[in-house]
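Secondary and tertiary structure notes
The primary structure of each chain is shown beneath.
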Amino acid sequence: MTECNQSGFGFEASGRREIVARFDGGTISSDGGAFLLRQTDKRLNLLARLAECFLDGRNPDLIEHTIPEMLAQRIYGLALGYEDINDHEQLRRDPVFGILAGREELDEPLAGKSTLNRMELGTGTNDRYRKITFWKEAVDELLVNVFLESHQSAPAEIVVDVDTTDLPLHGKQEGRFFHGYYDSYCYLPLYVFCGEHVLCARLREANHDASFGCLAEIQRIVAQIRGAWPEVKIVLRGDSGFCRNQLMSWCENNRVDFVFGLARNQRLRKIIGAQMYEATQQWNQTGKPARVFTEFQYSTKKIKQGGWDCERRVVAKAEHIDGKENPRFVVTSLSREAWAAQALYEELYCARGDMENRIKEQFSLFADRASTETMRANQMRLYLSTMAYVLVSGLRRLGLQATELAQAQVSTIRTKLLKIGAQIRVTVRKVWVSMASSYPWQGLYQQVWANLRC
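Below you will find a few notes about this structure.

Conventions used here
Residues numbered from 1 in each chain as written. Predicted model: local features only at pLDDT ≥ 70, side-chain atom pairs only at ≥ 80, totals over all residues. Heavy atoms only, no water. Core = buried A, V, L, I, M, F, W, Y, C linked by side-chain atoms within 4.5 Å. Buried < 20%, exposed > 50% of the residue type's maximum accessible area, 1.4 Å probe, protein only. Helix = DSSP H or I, 4+ residues; strand = E, 2+ residues; numbered from the N terminus. Contact = heavy atoms within 4.5 Å. Polar contact = N/O pair within 3.5 Å; in protein donor to acceptor, adjacent residues only side chain to side chain. Patch = residues over 30% accessible without salt bridge, like charges linked within 9 Å, V, L, I, M, F, W, Y side chains within 5 Å. Areas by Shrake-Rupley, 256 points an atom, 1.4 Å probe, with all protein chains shown as cover. Salt bridge = Lys/Arg side-chain N within 4 Å of Asp/Glu carboxyl O. Lys, Arg positive; Asp, Glu negative; His and termini not counted. Charge placed at Lys NZ, Arg CZ, Asp CG, Glu CD. Phe/Tyr/Trp six-rings, centres within 6.5 Å; stacked < 30°, edge-to-face > 60°. Lys NZ or Arg CZ within 6 Å of the ring centre and 35° of its normal. Axes fitted to C-alpha atoms, helices over the stretch in contact; angles between N-to-C directions. Parallel < 35°, antiparallel > 145°, perpendicular 65-115°, else oblique. Nonpolar A, V, L, I, M, F, W, Y, C, P; charged D, E, K, R; others polar.

As a rule of thumb, soluble globular proteins bury nonpolar side chains together. Ranked by size, the top nonpolar core spans 81 residues in total, and within it Leu37, Leu46, Phe54, Leu71, Tyr191, Leu395 and Leu417 carry the most contacts. In terms of residue count, the dominant contributor to this core is helix H14 (residues 375–399) (13 residues). With near-sequence residues (within four places) excluded, phenylalanine 54 lies in contact with Ile67, Leu71, Ile132, Thr133, Phe134, Trp135 and Met380. Among the nonpolar cores identified, the runner-up in size contains 46 residues, and Leu236, Cys243, Phe260 and Phe329 belong to it.

This is the structure we're talking about:
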């Protein structure tokens, strides 16, 4: 049988120019900017320390793909937009990924999807096929250490944000639960941030309220931070889902201030009746949203079953907008001298909205890819996405400072700085990365490269 291998493909002409396409460009990668991430990892020493959080029970004489190599594959892949393990069936032969993973022999393929999958599915028990596992405590400690190392000296005060989100589930995963608010089966992971630094990413079942398990995480994080910075002032901030007496009492007894949203009720509405009337009158006169702030001491009537064991300062915003009332309340341990009512609500409490942007960035790194059967394996995937975020966030903090992308989202950084078309040529002594000469942000790339090498 005669084989016909076509070497060129003709397309409709562009004006007077004939268009001919050929597969003769050599090794081409769409990830020419990924070496900036590699340089960031050299500064943070992140992936090497993450690998130390794993236990490899495989026979050392039979190992072809090491844990550091496989972790690098997955984390760099997530950062570069490859969400699925199946993607690595092609990426394992990409020399760019070979360099990112630390391979000496770039003509040898990296781990395939089955090997990567076995790493993620480790249960921590003796298993014939899944001999790799990880220590959650070590990964949690690493996240806080990266935050501590980002400061040259101890800050006077830090604000720690706590929040939760939903990860929709579409299978029979362990611990799945139908959540009425999100109208789906989901997990309800807990996130703790300080600025853009992630301090905790804990996967949880959805059959609990937002505050479930948060006290233990806050205790652990505060203890680690105080171990490095004994005198730092810590302010804990969260929405009304975290306004729980147990958490607030612990904060009051451990030199941690707090500001939490407080759910509305008829008793609170009655207390601010005069202020709501004033705001309504202002709206009637101007037709524009009106706000009146006040504060008072408040405690729940019931002490048992979650009630408060003491009075606390509550700041209220009596607001009238669009012809309707919109009252809001926050409870805090901060004094009136430190934060006046309006400033505490508008400048301190409302600033927690930035954490929602940080959580959205986790989805840009596929934190919602919780499709494995067990909670432990899905926690592993959540950690991988979190580490990808730490890496890209480190690039933003160290490399993009004082540039136009200093506040850019993860997806923007990926599109503008990492996804650069490049020709890859591997010789005995060098790897030549010839990036597209039409790349529009060459000056920015050069500046980032210089910042990372400082």
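All right, on to the side chain of threonine 133 then. On the secondary structure map, threonine 133 appears in strand E5 (residues 132–134). A relative accessible area of 12% means that threonine 133 is categorised as buried. A distance of 2.7 Å separates the side chain of threonine 133 from the side chain of arginine 376, its partner in a polar contact. With sequence-adjacent residues up to four places away left out, threonine 133 is seen in contact with Cys53, Phe54, Leu55, Thr123, Gly124 and Arg376.

What follows covers the side chain of asparagine 378. Topologically, asparagine 378 is positioned in helix H14. Contacts of asparagine 378, omitting those with residues within four sequence positions, involve Gln173, Tyr187, Leu203, Arg369, Ala370, Ser371 and Thr372.

A contiguous patch of negative charge on the surface is contributed by Glu64, Glu104, Glu105, Asp107 and Glu108. With respect to the helices and strands, glutamate 108 occurs in the loop between helix H5 (95–100) and helix H6 (113–120). Judged by its relative accessible area of 37%, glutamate 108 is partly exposed.

Right, let's get into the packing of aromatic side chains. Given two aromatic rings, one states the distance between the centres and the angle between the planes to describe the pair. Tallied over the entire structure, the rule returns 16 aromatic pairs. Judged by centre distance (5.9 Å) and plane angle (90°), the rings of phenylalanine 134 and tyrosine 383 are edge-to-face. Within this pair, whereas phenylalanine 134 is found in strand E5, its partner tyrosine 383 is found in helix H14, the two being separated by 249 residues in sequence. One exposure class covers both phenylalanine 134 and tyrosine 383, and it is buried. Ring geometry for phenylalanine 258 against phenylalanine 260: centres 5.5 Å apart, planes inclined by 15°, an arrangement best described as stacked. Of note, arginine 176 hangs over the ring of tyrosine 185, and the distance from its end group to the ring centre comes to 3.9 Å. In this structure, arginine 376 is placed above the aromatic ring of phenylalanine 134, and the distance from its NZ or CZ to the ring centre is 4.4 Å.

Right, let's talk about the packing of helix H1 (residues 35–44) against H14 for a bit. Contact geometry of H1 with H14 gives a least axis separation of 9 Å together with a crossing angle of 90°. Here H1 lies roughly perpendicular to H14, going by the angle between them. Residues Leu36, Leu37, Thr40, Asp41, Arg43 and Leu44 of H1 form the contact with H14, whose own contacting residues are Val390, Leu391, Val392, Gly394, Leu395, Arg397 and Leu398. Classifying every residue of the contact of H1 with H14 by side-chain character gives 8 nonpolar, 2 polar and 3 charged.

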